[in-house]
Every structure is written in C-alpha cells, then in structure tokens.
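Remarks on the overall topology
Residues per chain, in single letters:
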Amino acid sequence: MEASEYENMDLENLVFEKVTEEIEAKKKAGERIPFHLHVPTPIFGLVEDTDIELSAKPTFKQSTKGKEAISYAMTLDGSSGAVDHGFFLRSNWQIQGYLLEQTDAIEKHGSSFPLNALEFMLGQLQKLAPELHRVHFLRYLNSLYHDDYASALENLHKYFDYSAGIEGFDGIPPSSGFNNSGRYEIALLCSGMLHFHFGHPKQAVEALTEAVRVSQQHSNDTCLAYTLAAICNLLSEIGISNASGLLGSSYSPVANMGTSLSIHQQLFVLLKESLKRAESLKLKRLVASNHLAMAKFHLMHVQRPVLSFGPKASMKLITSPINVCKELRLSSNLISDFDIESSMMITDGSLSTTWLKNLHRQRGSSVIFEETEPGNRSNASSFFSQPNSIPGSVSQLVGASYLLRATAWEMYGSAPLARMNALVYATCFADCASSVDAAVAYGKLIQYLAAYKGYKAAFAALKTVEEKFISVSKSQIMVLKLQLLHERALHRGHSKLAQQICDELAVLSSPVTGVDMDLKAEASFRHARTLLAAKQFSEAAAVAHALFCMCYKFNLRVQDASTLLLLAEIHKKSGNAVLGIPYALASLSFCESFNLDLLKASATLTLAELWLSLGSIHAKRALTLIHSALPMILGHGGLELRARAHIAEAKCHLSDASFSVPETSGVVLDSLRQACDELQILEYHELAAEAFYLMAITFDKMGQLEEREQAASSFQKHIMALEKVTDEEDPLLK
Amino acid sequence: MGSKEICRNELRIAVRQLSDRCLYSASKWAAEQLVGIELDPVKFTPSNTRFQRGSSSIRRRFRTNEIMSTPIAGVSYVSTPVMEEDDIVDGDFYLLAKSYFDCREYRRAAHVLRDQSGKKAVFLRCYALYLAGENRKDEENIELEGPLGKSDAVNKELVSLERELSMLRKNGSIDPFGLYLYGLVLKEKGSEHLARNLLVESVNSYPWNWSAWSELQSLCTTIDILHSLPLNNHWMKDFFLAGAYQELRMHNESLAKYEYLQGTFSFSNYIQAQIAKAQYSLREFEQVEVIFEELLRNDPYRVEDMDMYSNVLYAKECFSALSYLAHRVFMTDKYRPESCCIIGNYYSLKGQHEKSVMYFRRALKLNKNCLSAWTLMGHEYVEMKNTPAAVDAYRRAVDINPCDYRAWYGLGQAYEMMGMPFYALHYFRKSVFLQPSDSRLWIAMAQCYETEQLHMLEESIKCYRRAANCNDREAIALHKLAKLHCELGRLEEAAFYYKKDLERMEAEERDGPNMVEALLFLATHGKDQKRFEEAEVYCTRLLDYTGPEKETAKSLLRGMRMAQSGFPSMSAEHFPP
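Computed from a predicted model, the values in this text were never measured in an experiment. (Residues numbered from 1 in each chain as written. Chains lettered and ligands numbered in written order. Predicted model: local features only at pLDDT ≥ 70, side-chain atom pairs only at ≥ 80, totals over all residues. Heavy atoms only, no water.)

In terms of regular secondary structure, chain B is built from 31 helices and zero strands. Within chain B, buried positions represent 52% of all 577 residues. Accessible surface, chain B: about 27200 Å² in total, of which carbon and sulfur atoms supply 53%. (Helix = DSSP H or I, 4+ residues; strand = E, 2+ residues; numbered from the N terminus. Buried < 20%, exposed > 50% of the residue type's maximum accessible area, 1.4 Å probe, protein only. Areas by Shrake-Rupley, 256 points an atom, 1.4 Å probe, with all protein chains shown as cover.)

Now the structure itself:
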C-alpha cells in the first residue's frame, strides 16, 4: 500500500463496527477504495521476507511465486489452530479484514477464544505496524472477554489515545467527514460498557453520563443513541436497588425527569427516548435492539401509567404480552430491510474477509466450530440464499429476538411455542450466534427434554451438546448440567447429593453483589427446595424468605412469584396448610399480573392441594380449582406437574364423601395410571409411591385383589428405592 | 588524600585502556572524572587548574563532605588495572584495525582481526561487528519504514556474536570487555536476566567501564532487582548506585550519594549535572539554575543535560537566559535531540508554538525515544488547543516510559480540557500512583472530582488532604479544603482549615482575597460559636482592608458588642430556663 492510502484510510472503522455498525456499512459502501487486493499473492513467509512495503511491482510478484507456494503448503498442513504463525497478510485491507474477522470471532466465542494465540499475533502485528492502532482495540476486546480488567482498561485507553484524534504524528486530519476533535465519546461509551461488564455499575454510570454529555457537545447523535441504549441496558441489568442511589447522585439524562418516578419508570421513559432517537437516525440495528430491550421490559415489569399517580389513577398492574410480541416482531423486521439492501453490502472490505474465510475453509481449521457440523452450515447458507448478504450482526439480532421469544413463551407458559422458537434459533442462527447464546438455546431445548421426556433423553442430549461446546462457555453448560443433576437427585431422594450440587451451583455465580442475580436466585431457590426435600421445614422457609427479600430488592418479580409458591409448598409439606394458603394466593396474583399462565396453573394446583389437606369438606372446592387449571397443565405442563395434578385429582375424588368408588373408579384409576407412568419416567420415587399407594387403596375398595397386590408391590419398590439412598458418585458430576 | 591519588591512577590507566578498545564514551566519562578529582593544592599550577576555575562556589557549598575517602567498606577488590600486551606483530594488526575502527569502517576493522586470538583483538573484532550491525539496522529502519510504521529491523550480527561470545565464555577466555559486549547482545535479544548477570560479572572484574554500568542501570527497573545484584565494593559502585536511585525516583538517596562523591570528584561536571537533575526532580529550580550557570561557565560547549536547564529557564520564564542558551547550542551542534528540545522550548516561550513543535519533532527524528520531546510536544499541542494531537504525543511518551508521571498528568489534563473529567481521572490516578509526593497531581485530581459534572466532593476532599500533606507550594489545597468543608456544612472542619491557611499565609507573608475570605469566615464562625474574643480579633484585622468586607466586619463587631453588653437579657430570651 502506498503511504498516502494509509493516511487516508479510516482507522476508526472498527469502533464503529462495535458501536455504530450502521454508519460503517454506509461508509464502506460509499467510500472510494482503490481496488488494491492482490488476493492470494501477498501471503508469504514473514520470516523469509524483509520487505513490508508490498506494492504492485510486477517484478517483485514474480520473485515471490516460489515463496507463495511454500507458504500455501505450510498453511495447508499447519495444524496450529486459528492463528497462523507461519504467514502474514500484507495489504492494508487484508490486515483490516483479518482484524475485523478476529473481532467477530472474539465476540462469538467469548472466553473460549484462545487468548494467547491472538495476543501473540497482535504483538507481531504491532511490532510490524506500530501505527496500526486497531490492534490495541483487539487487545482490549481479547482481554475483556478473558476478564482481564487491568489489561482491558489499559488497552482501551491506549487505543483511543492514539487513534481518536488526528491520526498519527504528522497531523493529517482523518479523511472521513468527522470533526477534528476526535471521537472520545466513543471511548467513554466503551469504558462504560467495560465497567458494566466487570460489575462496576457506579463507574459505568459515570462514564456513560459523560458519554452522553460529550456526544451532545460534539453533536454525535449516533453515539448518543447508542449510549442511551447502553444506559437502558445497564439499568435493566443491574439490580434496580443499586441504581436508585446512583442515578440521583450525578447529573444524568434521567435525573432531570424528577425523582418522583421509580427506577423502572425512568428506564421505560429512557427506552422510549432511545428508541425514538434511533428511529429518527435510521439506525436499523439499534432500532431492532431497542425493540428487543423494550420487549424485555414489557416482559419483566409491571406496567403502570407513568405520570398519573394517586388513588384516582387507574392502576393497570399487568405486563402486556401483546406489547412483547409487537416489539419482537418489530425487531425482526430488520432482516427484511437488510435483504433489500444486501446488494449494497458487498464492498472491498468485506470481500477481503470473504477471502479470508475461504482460506480458513481450505485449511480445514477446526477451531471455528461451525465447521464441526457441516449440516448446520449448509442450512444456514440456504436460509440466507447468499451467505454474506446479511451481516453477522443483523442475523445475531434477529436470532436474539427468537431467543427472547422462547423465553417469553416459557414464562407465559406455552411449551410448544417456546420449544419451537428455541429450535429455530438453534438451527438457523447457530452460525452467527455467539457461543454463549447458542449454549443458552441448546440449554433450553435440553430442559424441555428433561421436563417432558425424562432425564434419560435429556442426559443423552446433554452429552452431544457438551461435545459440541467442548471448550466453550463452561458456565452455561455447567449450569445446565448441575440443574439437571439436582432435579434428578431431588426426585430420586438423594438429598445429600442434591445439596452438594446446589453448593456447586452457588459457587458458579460471581461474588460481586448485584451481578449474576439470576444464577444466585436460582441457587438459593434450589437450596430451599433441597431443604424442603430433606424435611427441614423451618430452614427451608428461612432460605425461601431470604430469597424473596433478595428478589424483591433486585426487582426479580418472576422469581418472586415462584418463591411465594415455594413458601406455600413448604407450609403444605410441613402440615401447616392454613399458613400456606395466603402464600399461594399471593403467588397467584403475582402470576396473574405478569401473565405467567403456567406458573399460575401450578399455583392453583398447590392451592387446591392446600385446601384438600384442610379436610375432606374442601374436596369439592379443590376439585374445581384443579379442573380450572387442568387444561393449562395438560397442555403445557411438564411431567411432574401433570402427575401432581393427576394425583391431586384422584385424591379429591377419593376423599369426597359423596364419591362412590365402584362408579367413578375409572376416572380415578385413569389419572393415577397416567401419574404413575409419568413419575416412573422421572424416577420420582416419593410421588410415584404415593400414586401406587392410592391405586392400591382404590383397587382394594373395588375388591380387585390381584391388581391391588401389583400396585402394592410397585409401591414397595419405590419406597425401597427411596430408603436405600445410595449416594454413589454420579459419573456425570465429575 | 591518598584515595584521591588512587582514583586518579586507576582512572588514568582506565582511560587509556578504554580508548585502546575503542570504548569511547566510557573513556570520555572516565577522563571527565579524572579531571574532576580535586588537585593537591600543593602541586597545582595555573595550567592544571584551568578546568577547575570558577568552581569555587560549588566547592564551598559542599565542603562539609570533605571527610570522604574511598567508599564505605574501603576495600577495593580490584586494584590498579594491569595492561596486558599482545604480540608485537599482532599488535600491528590491532593498530590497523583500530585505525579503521576510528574511521568508522567497522567491517574492515573486523576483517583485519579475523585470525587474531588475543583477548583484546577478539573483543575489538566482536565490537566492530556489533557496531556494523547496529549501523545497518539504523539504515534499514529508515529505508524500510513501512506504511504502518517501522519495520522490524534487527541487528543481524547478534546471533553469530552471541554464539561466539558464549563459546568464549565457556572456555573461560573472555575478558571483562567481552562480558560487557555479551551482556549488550543479550540485552538487545531480550534475555534481561542473563544480561544482568553478565554485566555484573563484567563490572566486578573491571569496574572502570562506565558503559557497562549504565547498561546495567537500564536493566534495574525495580529496587528489588537493584538490591539483589551481587556487586563488589568499589568507588565506581557509588556512581552506579546514585544513577540507579535517580532512575528509580529515589531522588533524595541519589542526591546524598552524589554529594558524597563530590568529596573526591569535586570538579566533576558529570556529578554537578546529575545533582542538578536530582534537584530538578525535587523541583528545586533555584538550585538547578545556579548549578547550570556554573556548568556553562566551565564547559560552555556542553549540550548534554542542557535541555533540563532550558526547562527550568522556561518554567521561570527567564527569557533572555533561554534565548542565550538556545543560540549557543544552535551554534554548537544544532542536530542533537537536546539542542532541538532547547530550541523548541525557546520558541514555545516566545509563543511560536508551530515552530516549537517543529523542533520537538526534529528531536524525535534524531531520537525516536526522546521522552522529554514527546512530553514537551504534548504541552505545545495543548497550548495550541489541539488536544487530540496532544493526547497522542503524551501517549507515546507513556508508552516509551510508563513511569513518566508528567505525561500521564498531561493526558489527564488534556481530557479534562475536553470536558471529560471522569475519563481524565484514570490518567491522574496513574500519575499520582507514580509520584504520590507531588501536590500538583493531587490537586489536579481533586479538581476533577470537584467538577460540576462529577461533583464527588468527598473524594475531592480526600485528594486535597493528600495535597496539603505533601507541601503544596501554591497553597491551593488548604483553601479548597476549607471551602469544600464549608460547602458541605462542616463548619468546624472548615474553620480548622481556614485557620491553617491563615497561618500559612501569615508565615509566607502573602495577602489577597483568600486572606479576606478566611478572616471573614473565621470572624462569622467565631461569632456564631459565641467565641467573641476570637471573632473580634479577626474582625479588627478585617478592618485593615477596603471594600465590602470592611463594612461587614464593622457590622459584625457592632453586633457582637450589642450581644455582649445586652448579655443578661439576651441570654434570658434565648435560653429560657
């Protein structure tokens, strides 16, 4: 490359790749780029060659023919992995392309990306091209994803110190149309996100606030829009109680809204604002992700009228599934937009990456693990008809909307829809998804398997997934495995093992308060359940109570509902039904306001069981309750829930005084038989024993002695299994 | 003064030996020290003292240290260096090679010595090859500078040199000079630990090679490394330690060492310059100026270290002196990084920032790693309101030496100028970490916290308190502390700091709005606290000032008199039983 081209080159593309991809795409399309790619020629050994200035000298080309062949051979059989120690890319665009590709790879693979290999490569690059400052940015990303705070911070500052101003030492202004004052607002945005990533919400807020101010100063609307989105993200992710003190403390875009608004109302206003801004700037990707954030908000928060308060204002205390769906649909519109624009997307810059990808394919690199499942890849290609027409970030966003859909349906309680969406994600978007997201999708699918098909199937699937994500996101897959193991241990009655797994789960979460709240809540929830299974009722109640307080503090409303239900359950098991009923009712009302239909059905069932345990006079009422919940339970509930419903129904019938065995025994036996089948799949000994016990009694009343003996022996079998709890080492745990 | 005689003899021989081996900068250094030793007053003749004329004032200043003789433990492990001679015939070849070397024809020199096996010849051959490689490397750096910066030119002789030297070392047929060269090669290669060991070995067996000491010094990046070196006692070690302390920012220790050395080498320009450097780091500009004036009188064509003098002159805004200095170095040797920095400073003081930047840039062309040029250029860009360029320049300085707290401070300032106080904090933090005893840094950080955007007053107070504890010369911290406490409604603390500030101002005989403010606050506070006598004192002092404060003081006094005279009734009203 000629020196002048280097000077004209826009070094900031990369930041924009991260921050404002939109602009970058346009710029790339419109930029004057001399077609200067000697596609395969410029690969030759770094070691053999001393001339970095690869220009289009024909004589030079000739002389390197031999070396080229050598280096190809070398790279073809080089099994060194993702980073190539043997050869080096020469033209400026190719280096840029390489860096871009590495950026994508880092984002995609997260912490499983080989740290040192890239670091080595970047070191080399930096030595050869000290004025190529993007290297610092890559270093920043690399250390960010490997949780190296000091190095990430250092490199971030370094990158912006060098590049955000007038490029280089000679004072040549950047070629793009930006003002000379640099783009330090992006630096602030990045540093805010860095602090957020490392769990320093206070610093993050300070940095983002400053980013807002500086972007306003430099009238960089794009950055402002992104910063607002980042603030929204921050607010919704960190525990709200943490934030309340924090936003008031400093000047901030939200502070001027007055303190009368609660934090999530502020968040709502901010989200709307951010969305509006993104729309007016036509930042499609940002719009889409804002829609996603909005959907998430609608999903997680009770909506209230924002500005009208007092007793007269109508309190609409529900979340709105319709809004969620609307937002989600809006966000996926993005893909069609990009389909239209796709013809514009192929530019020289992306071409150089395409070429790189081809190179990777030739070399049969195994680290890019999309190659491990060839079927997957071809699926994706046929889905998008043109493999590179849609940028990875767009399909990532669209994929994210599917994942969110799956979660939403999971909460609203539609099993088929949840499963379908997760499946869509896993098949169509696994290519462009970051490994963490992909692991989440697979995790969901496996959990459905466990709930509907039993553990055998789930563990078989887990095994394949573990192989697929062999080096990836240990925590995601690890959490899933521990969840499954815990569930099974509880069902089998291995409470010691369950406790051990529970502890392991708790260890996985970050020690910082306000970070990893979901995982912490889950661990504590499972702890309470374990204690309950071990019949330590008061301890279980204490844990559940603490959990409820924590969830309330951090605004985890859905977890609140399930914790309340757990408390009801604890009181039920401890024989204190009267105390349990209010909890069940509270949980019911929570579920109603959040449209958690499946959880509501489950709460209804618990309520019925509580009534039933108050005496047979309440059997009728209990039965009505069960019948009201049954359609939901049978349609969408998992094996355990269904079995419980069946048993409860049978119990109702049996305890009803007006119920005569011979006449309606069919109903009872039918539901009991189903319950038994389901419980045997789950290996849920305790409940299975109960079901067989009830069955035996029924048979006894009917006088069918043979069947009674059979049921009794099954009963005995399950009781024995429950009693000889062998805490044998589970091979899966290691 | 036997020890002086010893030093003199040792140095005399060493100068010859070093220049015989073409280690010119080391021999220059040794010769300088040789002349720097104070002469026996009995023997001196006017021509002998030519060099030492005019040093009397300096000498007088440090006369207290006269007691010293050879270093503390006193025992030199190595006595007078011995001259070993190669054969006469070989000696002829050596003479030829040395002549070539002197004409900078390194490869030719090495070729002449190709079959020689004497230690001296082997060293000169290796050294010539090394220098030839260095020359080639420099050329390549310029020729091959790629579009994205430098190419990775390396000294191609390093590999073969390392091989040969390691073999020699294994055979035991290596002399201290060879060891020095071996250390140099290893340092270049990046194996610092090994290089350190070899250099230690070299200076232990031949301590007069200053080049070896200074290489060793550049490898001592922490105090622990420095203390772990197994060095023999020799008076040269004191020079080394003094320099190393300076690099490690232990300025007082370094100063003590130099002053001790001055007992023997009382006329050494080198030591004077080093003392000046230490004083400069301690911000004793007056002293630095005196020393440099002295130095210039003795050694008018000196360029080394003069950039620091120009910094001092710049800081003190001594325009004519700086102009004189700039013109002198311009005539002496204008293509030296130091000269360029001096001229840059000169233009900067004249307000011609573009020209000044040009000279700093030239300094950097001459030496890419010229730390002070990067920092100074950053300052210039700040003056020119070109903050991004300033940031870039400072950042380069920081990347060359991450311990340069001035550049970190400059970065922080640049970002603060752009209205990014939070971002700037990162840099100020780095800077105070490196130089926790500099009140200016703490004040800068405090001001960042204090900005309206961040408004983190508690943190700001903490920083000001640190600043007040490290001898805040401009006396900003106390005043600010008082004000901030007042703002936060902690009147007792505010009064405490106002009082302290007042005491300081009295001691330094300063006057001004701060004084009035302090007096006014203390008077009002005293009155509110019913400490009328105290309040009255402050009020009376206020009466000396003109302006609205005088009136306020008067009314305060009146109010207090009223309160005191009407004491019984008033108190009965205010505090019913």
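Text resumes after the structure shown.
This paragraph deals with the nonpolar core. Among the nonpolar cores identified, the biggest contains 243 residues, and Phe 239 and Tyr 415 of chain B are the most heavily contacted of them. Discounting residues that sit within four places of it in the chain, Tyr 415 of chain B has contacts with Phe 160, Asp 161 and Tyr 184 of chain A together with Val 391, Met 420, Tyr 423, Ala 424 and Tyr 427 of chain B. Formed by 65 residues, the second largest nonpolar core is a distinct cluster that contains Val 394, Ala 422, Tyr 425 and Cys 432 of chain A. (Core = buried A, V, L, I, M, F, W, Y, C linked by side-chain atoms within 4.5 Å. Contact = heavy atoms within 4.5 Å.)

Okay, the environment of Ile 581 of chain A next. Residue and element names in this part refer to chain A. Take Ile 581: it is sitting in helix H28 (residues 577–594). Ile 581 sits in the buried class, given a relative accessible area of 10%. When the C-alpha positions of Ile 581 and Trp 611 are compared, they lie 7.9 Å apart, and in sequence the two are 30 residues distant. Residue contacts for Ile 581: discarding those within four places in its chain leaves Leu 607, Leu 610, Trp 611 and Leu 614.

It is worth spelling out helix H19 (residues 353–366) of chain B at this point. Residue and element names in this part refer to chain B. A rise of 1.5 Å per residue sets the reference length of H19, with its 14 residues, at 20 Å; its end C-alpha atoms lie 20 Å apart and thus fit the reference within 8%. Those residues of H19 that fall on the buried side of the exposure criterion are His 353, Ser 356, Val 357, Tyr 359, Phe 360, Ala 363 and Leu 364. End-on view of H19: buried residues confined to an arc of 160°, all on one side of the axis. Away from the buried face of H19 by more than 90 degrees, exposed residues Glu 354 and Lys 365 are located. (Expected span 1.5 Å × (residues − 1). Arc of directions from axis to C-beta.)

Next up on the list: the pattern of salt bridges. Two side chains bearing opposite charge may form a pair once their charged atoms approach each other closely. Under the counting rule described, the total for this entry stands at 54 salt bridges over all chains. As a salt-bridge pair, Arg 8 of chain B and Glu 5 of chain B come within 2.7 Å of each other at their nearest N and O atoms. With a gap of three residues between them, Arg 8 of chain B and Glu 5 of chain B both fall in helix H1 (residues 2–20), about one helical turn apart. You can call Glu 5 of chain B partly exposed: its relative accessible area is 25%. Its salt-bridge partner being Lys 499 of chain B, residue Glu 534 of chain B comes within 3.4 Å of it at the nearest N-O pair. Remark: Lys 499 of chain B occurs in helix H27 (residues 491–508) and Glu 534 of chain B occurs in helix H29 (residues 532–542); sequence separation between them is 35 residues. For Lys 499 of chain B, a relative accessible area of 29% puts it in the partly exposed group. Here the salt bridges do not stand alone but share partners, grouping Glu 154, Lys 158 and Asp 161 of chain A together with Arg 395, Asp 399 and Lys 430 of chain B into one network. (Salt bridge = Lys/Arg side-chain N within 4 Å of Asp/Glu carboxyl O.)

What follows deals with the packing of aromatic side chains. Applying the stated criterion across every chain yields a total of 38 aromatic pairs over all chains. Relative to Phe 239 of chain B, the ring of Trp 235 of chain B lies with its centre 6.5 Å away and its plane at 70°, an arrangement referred to as edge-to-face. Placement of the pair is Trp 235 of chain B and Phe 239 of chain B together in helix H12 (residues 235–247), with a separation of four residues, close to one helical turn. Pairwise contacts between aromatic rings join Tyr 24, Phe 101, Tyr 106, Phe 123, Tyr 127, Phe 177, Tyr 206 and Trp 208 of chain B into one cluster. Just above the ring of Tyr 452 of chain A sits the side chain of Arg 419 of chain A; from NZ or CZ to the centre is 5.5 Å. In this structure, Arg 621 of chain A is placed above the aromatic ring of Trp 611 of chain A, and the distance from its NZ or CZ to the ring centre is 4.2 Å. (Phe/Tyr/Trp six-rings, centres within 6.5 Å; stacked < 30°, edge-to-face > 60°. Lys NZ or Arg CZ within 6 Å of the ring centre and 35° of its normal.)

The subject of this paragraph is the UniProt feature "repeat: TPR" (unreviewed entry) in chain B. All names here are of chain B. UniProt tags residues 337–370, 371–404 and 405–438 as "repeat: TPR" (unreviewed entry). The span residues 337–370 is 82% helix and 0% strand, and its two end C-alpha atoms sit 7 Å from each other. Helix makes up 79% of residues 371–404 and strand makes up 0%, while its end C-alpha atoms are separated by 9 Å. (UniProt positions renumbered as here; feature names shortened; annotations may be inferred.)

Turning our eyes to something else, we now look at the packing of helix H33 (residues 685–702) of chain A against helix H34 (residues 705–723) of chain A. Residue and element names in this part refer to chain A. At a minimum axis distance of 8 Å, the contact between H33 and H34 shows a crossing angle of 160°. Overall, the two elements H33 and H34 adopt an arrangement that is roughly antiparallel. H34 is crossed by H33, and the crossing has left-handed handedness. Contact residues: H33 offers His 685, Glu 686, Ala 688, Ala 689, Phe 692, Tyr 693, Met 695, Ala 696, Phe 699 and Asp 700, while H34 offers Leu 705, Glu 707, Arg 708, Ala 711, Ala 712, Ser 714, Phe 715, His 718, Ile 719, Ala 721 and Leu 722. (Axes fitted to C-alpha atoms, helices over the stretch in contact; angles between N-to-C directions. Parallel < 35°, antiparallel > 145°, perpendicular 65-115°, else oblique. Left-handed = near helix turned anticlockwise from the far one by under 90°.)

What follows is about the packing of helix H24 (residues 495–508) of chain A against helix H25 (residues 517–533) of chain A. All names here are of chain A. Following both chains from N to C, one finds H24 and H25 inclined at 165°, their axes separated by 9 Å at the closest point. With respect to each other, H24 and H25 are oriented roughly antiparallel. The way H24 lies across H25 gives a crossing that is left-handed. Contacts between H24 and H25 involve Ser 495, Ala 498, Gln 499, Cys 502, Leu 505, Ala 506 and Leu 508 from the first element and Leu 519, Glu 522, Ala 523, Arg 526, His 527 and Thr 530 from the second. Looking at side-chain class alone, the contact of H24 with H25 contains seven nonpolar, four polar and two charged residues. (Nonpolar A, V, L, I, M, F, W, Y, C, P; charged D, E, K, R; others polar.)

Another point: helix H8 (residues 134–145) of chain A. Residues and elements named next belong to chain A. With twelve residues, H8 extends 17 Å between its outermost C-alpha atoms, agreeing within 8% with the 16 Å of an ideal straight helix rising 1.5 Å per residue. Counted residue by residue, H8 has eleven buried out of twelve residues, so it is predominantly covered. Just past H8, the residue Asp 147 takes up positive phi, approximately 60°.

The phi torsion of most residues other than glycine is negative, and most of the peptide bonds are trans. Residue and element names in this part refer to chain B. Located in the positive-phi region is Arg 283, a residue other than glycine, with phi close to 65°. With respect to the element layout, Arg 283 can be found in the loop between helix H14 (269–281) and helix H15 (285–298). Look at Arg 283 and you get partly exposed, because its relative accessible area is 24%. Residues other than glycine seldom take positive phi values, yet Asp 305 does so here, at roughly 65°. Tracing the backbone through its elements, the reader meets Asp 305 in the loop between H15 and helix H16 (306–315). On the basis of relative accessibility, which here comes to 16%, the residue Asp 305 falls in the buried class.

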